[in-house]
Every structure is written in C-alpha cells, then in structure tokens.
Amino acid sequence: MKLKIEELVHAFIHSQCSFEKQVVLTNHFQADWEADILIIDAEGFSHEIEIKLSKSDFKNDFKKSYTNANTGEKFLKHDKICCGDYICNAFSFLLPMGMVDHSLIPEHCGIIEFYHNVDTWATEFYVIRQPRRVHEDSYWKLVDKDYLIRRMALSLLQKKLEIKGKHEELIFRSPFEIKKMK
C-alpha cells in the first residue's frame with residue numbers, strides 16, 4: 001500500500017512541529033500559490049514546505065511562472081523566492097529519500113527527506129540542508145493576522161458543512177454559496 005500525501009503531512013506535522021509554539025497550516029493558499037505546509041513560529045518566521053513525490057512533479061515546480069497583476073510581468077516561482085520577493089522567510093522541499101540529486105536543488109531551498117517503512121508504517125524525516133532565509137520580515141508584517149484568522153474560520157465552516165453534507169441531507173444552501181469575505 002502506497003503512502004498517501006495526507007498521511008505524509010500528518011506524520012510530518014505531528015513529529016516535526018509544535019502546535020503550542022507554531023501556527024501550522026496545510027494546503028494554505030498564499031500569494032500566488034498553495035503551500036503544502038506552512039509553519040509560522042512565535043517570532044513570525046515563516047517556512048513553506050513543498051512536498052514532491054515524483055521527479056516530474058519536482059521538475060515542474062521550477063517551470064511555474066506567475067504574472068504580476070499590476071505590471072503584467074511574468075516571473076518564475078524560484079526566481080521570486082531566491083531574491084526575497086516572497087511572503088515566506090524560507091522554503092524547503094520534502095522529498096522521498098534519494099529521489100533527487102541534492103545538486104539539482106537551488107541553494108536557497110532547504111531539503112528534508114523522508115523514509116517510509118511499509119512494514120511498520122513508520123515515517124522518518126531527515127533534514128539534509130536548512131533553508132536559507134530569503135528576507136527578515138515577519139510573516140505578520142506582510143499578512144493581516146485578523147484577516148487570516150477570519151479566512152481560516154470560514155474555511156473550517158465550509159469543510160465542516162461539506163463533510164456533514166456527505167453523511168446527511170442538509171436543507172440550506174451550499175457553504176460555497178456563503179457570502180465571500182471582502
């Protein structure tokens with residue numbers, strides 16, 4: 001049986017993160033892309049962790065480009081990260097052990113490898129390289145904390161109603177029709 005990404009995320013955050021000292025978000029949309037795991041510590045230092053389970057998915061991460069809404073200028077994701085024009089302070093890849101030659105991973109990126117034992121279902125994580133801090137601004141200087149909390153609350157409500165709706169008939173509008181926050 002193959003390890004599912006949700007199981008990998010669960011194993012990582014429960015063995016590597018402190019919910020008492022960190023804000024830990026998964027599949028969190030920020031800036032122009034989605035963070036598989038976003039960790040924000042008590043000082044506001046933020047670290048995005050991108051999970052790649054195949055070589056092709058890893059290679060495609062370096063092809064992602066985005067367009068500046070104001071100028072129309074296109075840029076590559078990792079060019080934006082390494083120059084510090086990025087919301088997070090650090091960026092790392094979480095990869096299966098030995099999947100990618102470390103020399104193919106840019107110096108600004110941290111490398112975390114994992115080994116999953118299919119017999120015991122234990123997953124171990126190894127920090128191969130710490131990420132480089134690309135800027136010193138607190139996440140909370142760049143992101144409105146109150147707005148983030150409201151978005152998280154709305155997302156939680158939507159997910160709760162979506163799950164509940166799968167198990168019983170609900171007789172009100174879909175949670176996705178709820179008035180969007182401004």
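Heads up: these notes are all about the structure in this document.

Cut-off values and rules
- Residues numbered from 1 in each chain as written.
- Predicted model: local features only at pLDDT ≥ 70, side-chain atom pairs only at ≥ 80, totals over all residues.
- Heavy atoms only, no water.
- Helix = DSSP H or I, 4+ residues; strand = E, 2+ residues; numbered from the N terminus.
- Buried < 20%, exposed > 50% of the residue type's maximum accessible area, 1.4 Å probe, protein only.
- Contact = heavy atoms within 4.5 Å.
- Phe/Tyr/Trp six-rings, centres within 6.5 Å; stacked < 30°, edge-to-face > 60°.
- Lys NZ or Arg CZ within 6 Å of the ring centre and 35° of its normal.
- Patch = residues over 30% accessible without salt bridge, like charges linked within 9 Å, V, L, I, M, F, W, Y side chains within 5 Å.
- Areas by Shrake-Rupley, 256 points an atom, 1.4 Å probe, with all protein chains shown as cover.
- Salt bridge = Lys/Arg side-chain N within 4 Å of Asp/Glu carboxyl O.
- Expected span 1.5 Å × (residues − 1).
- Arc of directions from axis to C-beta.

### A closer look at the environment of Leu53
And then number 1: With respect to the element layout, Leu53 can be found in the loop between strand 3 (46-51) and helix 2 (55-61).
And then number 2: The partly exposed category is assigned to Leu53, whose relative accessible area is 39%.
And then number 3: Counting along the chain gives 18 residues from Leu53 to Ala35, while the straight-line C-alpha distance between them is 15 Å.
And then number 4: Setting aside anything within four residues of it in sequence, one finds Leu53 in contact with Ile5, Leu8, Pro96, Met99 and Phe114.

### What about the packing of aromatic side chains?
And then number 1: Under the criterion given, the structure shown has 8 aromatic pairs.
And then number 2: Ring centres of Phe12 and Phe125 lie 5.1 Å apart, and the angle between their planes is 80°; on these two criteria the pair is classed as edge-to-face. Taken as a pair, Phe12 in helix 1 (residues 5-16) and Phe125 in strand 8 (residues 122-129) lie far apart in primary sequence, 113 residues in all.
And then number 3: The buried category is assigned to Phe12, whose relative accessible area is 4%.
And then number 4: An aromatic cluster is present here, built from Phe58, Phe62, Tyr86, Phe91 and Phe93 joined pairwise through their rings.
And then number 5: Here the guanidinium or amino end of Lys145 rests over the ring plane of Trp140, the centre of that ring lying 4.8 Å away.

### Observations regarding a nonpolar patch on the surface
And then number 1: Side chains of Met97, Tyr115, Tyr126 and Ile128 sit close together on the surface and give an oily, nonpolar patch of about 370 Å² of accessible area.
And then number 2: Mapped onto the fold, Tyr115 is located in strand 7 (residues 109-117).

### Concerning unusual backbone geometry
Note on backbone geometry: most residues besides glycine have negative phi, and most peptide bonds are trans.
And then number 1: Unusually for a residue other than glycine, Asn27 sits at a positive phi of about 50°.
And then number 2: Counting through the fold element by element, Asn27 comes out in strand 1 (residues 22-30).
And then number 3: Since its relative accessible area comes to 47%, Asn27 is described here as partly exposed.
And then number 4: One non-glycine residue with positive phi stands out, namely Trp121, at about 65°.
And then number 5: As for its position among the elements, Trp121 is in the loop between strand 7 and strand 8.
And then number 6: Classification of Trp121 as partly exposed rests on a relative accessible area of 33%.

### Topic: helix 1
And then number 1: With 12 residues, helix 1 ought to run about 16 Å at 1.5 Å a step, and its terminal C-alpha atoms sit 16 Å apart, in line with that.
And then number 2: Along helix 1, the residues classified as buried are Leu8, Val9, Phe12 and Ile13. Projected onto a plane normal to the axis of helix 1, the buried residues spread over an arc of 120° and lie on a single side.
And then number 3: Structurally, helix 1 contributes buried residues whose contacts are with strand 1, strand 2 (33-41), strand 3, strand 6 (90-96), strand 7 and strand 8.

### Considering the pattern of salt bridges
And then number 1: Within the structure shown, the criterion is met by 10 salt bridges.
And then number 2: For Lys77, the salt bridge identified is with Glu50, shortest N-O distance 4.0 Å. With a gap of 27 residues between them, Lys77 in helix 3 (residues 77-82) and Glu50 in strand 3 connect regions that are remote in the sequence. Of the two residues, Lys77 and Glu50, both sit in the buried class.

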